[in-house]
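Secondary and tertiary structure notes
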Amino acid sequence: MPKKNDVLRLEITDITPEGAGVGRCDGYVLFVFGTAPGDVIDALVMKAGKSYGYAKAINIVTPSPYREDSDCSVFGRCGGCVFRHIKYEKELEIKKKTVDENLKRLGGLDIECERIIPSPQINGYRNKAQYPAAVIDGKMRFGFYSRHSHRVAPCESCPLQPDFYADIVRAVGRFCDENKITAYDEETGKGLLRHLYIRDGRRSGEILVCLVATGEVPNVDRLIKMLTGLNKNIKSIVLNVNNKDTNVILSSDCRTLWGKDAISDVLCGLEFEISPRSFYQVNHDGAEKLYGIAAEFAEPEGKTVLDLYCGTGTIGLSMARRAKKVIGAEIIPEAVENAKNNAERNGINNAEFICADAGEAAEKLARDGLLPDVIIVDPPRSGCSEQTLSAIAKMAPERVVMVSCDSATAARDCKRLSELGYRAEKAVAVDMFARTGHVEAVIKLTKCSIK
């Protein structure tokens, strides 16, 4: 068995969804980040457990045909992208395989993805960034956490964000240095600024800048002047006060410093209001493709559609003009208000929204005898609760459409729905997160006939 500090020659034969190449030495598995299937490398063993270990590539003897040069200076130090050194076509193949294996292995489902839909853009597609703050060499810096840590890798210009984000990051950094603003330290609980949060409307062009801090930020008039002079598309500057010992980035305390409380954008031909805490897909053009697949699977024509975990109502409202009625449920009050406003601003009068946890909302609607024809669920990465899944089965819709950013929890939830009388019929993967290890999946389930 390999030992720590051994140097081994390895052929990388596979890669994990997290971007770690897989090599074997006499059956012993070593995971090596920054490698590609087909690489032959010299690897330094960094950690050796009983059945597997981790190694670092110190020399690429023979490069993989799938390898390409990374175009990011912090790739490997930042915990965001994991496939930036691999050709995009291979990345799509890896992601489809991941979804297929999860559906089969974790869900026990006898289906594979019909296809994987590529991201329309592989750079500059993200319309949202949350940069943790850190003081490095006496200056305020923003970046992203390194893999499996809360150590900030400084990164002003990320290839996944549009170029103007870097201008805002640099301007806020200068403002903090000029005003001697400290960065929050998770270990001591001291310091003012926790995160810089930017959102943009990809069709509207509107930009929201939010500072997440433990208290009031000094000299905000100067900050407002700097930002509005920098970019005329900045329409909202917000302070989010979060003074709790938590990993949750945003608190419920949002205070508009200048401009509007929310920005707007156009998605699937509809105008949406987006506040700092409301959910909105980070890949605008990819979202239109994702929602197109969801509508194809839902077949909403003339049906009552229940949209659980609805956020600002984007999925349900995108189908409302074809549906008989749309009901959305979401736990974040601001998002529910956004959803109601979104329905009104688009002249949609057959939609209503409930502020409640998805499981509680589904259970209440089941008790009230609501019988939706179609239920769409777009849960967080952790998936649906048992309460939600049981309530879905009680309402007995014709179809359930699962939209998920984690195919492992989606497979688990589909397995439970299959035990409750549903059959998974179709799946499509949609790459909403190019160059990262994440991929979206849409799964269609239908109610089994009673024989």
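Residues numbered from 1 in each chain as written. Predicted model: local features only at pLDDT ≥ 70, side-chain atom pairs only at ≥ 80, totals over all residues. Heavy atoms only, no water.

**Observations concerning the environment of K128**
Using the following cut-off: Counting from the N terminus, the helices are the DSSP runs of H or I reaching at least four residues and the strands are the DSSP runs of E reaching at least two. Contacts are assigned to residue pairs with any non-hydrogen atoms lying within 4.5 Å of each other.
For K128, the location among the structural elements is in strand β7 (residues 128–136). Between the alpha carbons of K128 and N283 there is a distance of 8.7 Å; along the sequence they are 155 residues apart. Ignoring any residue separated from it by four or fewer positions in sequence, one finds K128 in contact with Q161, Y165, Y197, I198, R199 and V282.

**Some points on the nonpolar core**
The criterion, for reference: Residue types Ala, Val, Leu, Ile, Met, Phe, Trp, Tyr and Cys, when buried and joined through side-chain atoms within 4.5 Å, form a set referred to as a nonpolar core. The buried label goes to any residue with under 20% of its type's maximum accessible area, the exposed label to any with over 50%, and the partly exposed label to all in between, with areas taken from a 1.4 Å probe on protein chains only.
Counting 126 residues, the largest nonpolar core has F142, L308 and I443 as the members making the most contacts within it. Here the element with the most residues in this core is helix α4 (residues 284–298); it accounts for 8 residues. Residues in contact with I443, not counting those within four places in the same chain, are L103, I111, F297, V400, V401, M402, A410, C414, A424, K426 and A427.

**Some remarks on the pattern of salt bridges**
Put simply, the rule is: A side-chain nitrogen of Lys or Arg and a carboxyl oxygen of Asp or Glu constitute a salt bridge if their distance falls within 4 Å.
Summed over the entire model, instances satisfying the criterion amount to 34 salt bridges. The partner of D167 in a salt bridge is R170, and the shortest N-O contact between them spans 3.2 Å. Of the two residues, D167 and R170 are both situated in helix α2 (residues 163–178); the distance of 3 residues between them amounts to about one turn of the helix. Ionic pairing is found between R345 and E273, a salt bridge with its closest N-O pair at 3.5 Å. Residue R345 is located in helix α6 (residues 333–345), and its partner E273 is located in strand β15 (residues 270–274); the two are separated by 72 residues in the primary sequence. For E273, a relative accessible area of 16% gives the class buried.

**Remarks on the sheet that holds strand β4 (residues 40–48)**
Put simply, the rule is: Strands qualify as paired when DSSP identifies two bridges or more between them. Only C-alpha atoms enter the line fits that serve as axes; for helices the fit covers just the stretch in contact. Angles between N-to-C directions range over 0 to 180 degrees.
Overall, mixed pairing links the 5 strands, which are arranged β1-β2-β3-β5-β4 in a closed barrel. Within the sheet, the average angular offset between the axes of one strand and its neighbour, ignoring direction, is 50 degrees. Bridge count for strand β1 (residues 7–15) against strand β2 (residues 20–25) is 3 bridges, and the pairing is antiparallel. Residue pairing for β2: I15 is matched across the bridge by G21.

**Section: helix α9 (residues 407–419)**
Stated formally: To estimate how far a helix should reach, multiply one less than its number of residues by 1.5 Å. Under this definition, polar contacts are N or O atom pairs within 3.5 Å; protein pairs additionally need one hydrogen-donor-capable and one acceptor-capable atom, and for neighbouring residues in sequence, both atoms have to be side-chain atoms.
Under the 1.5 Å per step criterion, the end-to-end length of α9 is 18 Å for 13 residues, consistent within 8% with the ideal 18 Å. Looking at α9, one finds that the buried residues are S407, T409, A410, A411, D413, C414 and L417. In the core, the buried residues of α9 are packed alongside α1 (88–105), α8 (386–395), β20 (399–404), β21 (422–430) and β22 (440–447). Its side-chain oxygen 2.9 Å from the backbone nitrogen of A408, D406 forms the N-cap of α9.

**Describing a negative patch on the surface**
Rule in force here: Patch criteria: residues need more than 30% relative accessible area and no salt bridge. Like-charged residues are merged within 9 Å; nonpolar side chains of Val, Leu, Ile, Met, Phe, Trp and Tyr are merged within 5 Å. Accessibility throughout is a Shrake-Rupley quantity obtained with a 1.4 Å probe, and a residue counts as covered only by protein chains that appear here. In this tally, Lys and Arg are treated as positive and Asp and Glu as negative; His is ignored, and so are the chain termini. A charge is said to be at NZ when it belongs to Lys, at CZ for Arg, at CG for Asp and at CD for Glu.
Residues D185, E186, E187 and D245 make up a contiguous surface patch of negative charge. One can find E187 in the loop between α2 and β10 (193–200). Since its relative accessible area comes to 78%, E187 is described here as exposed.

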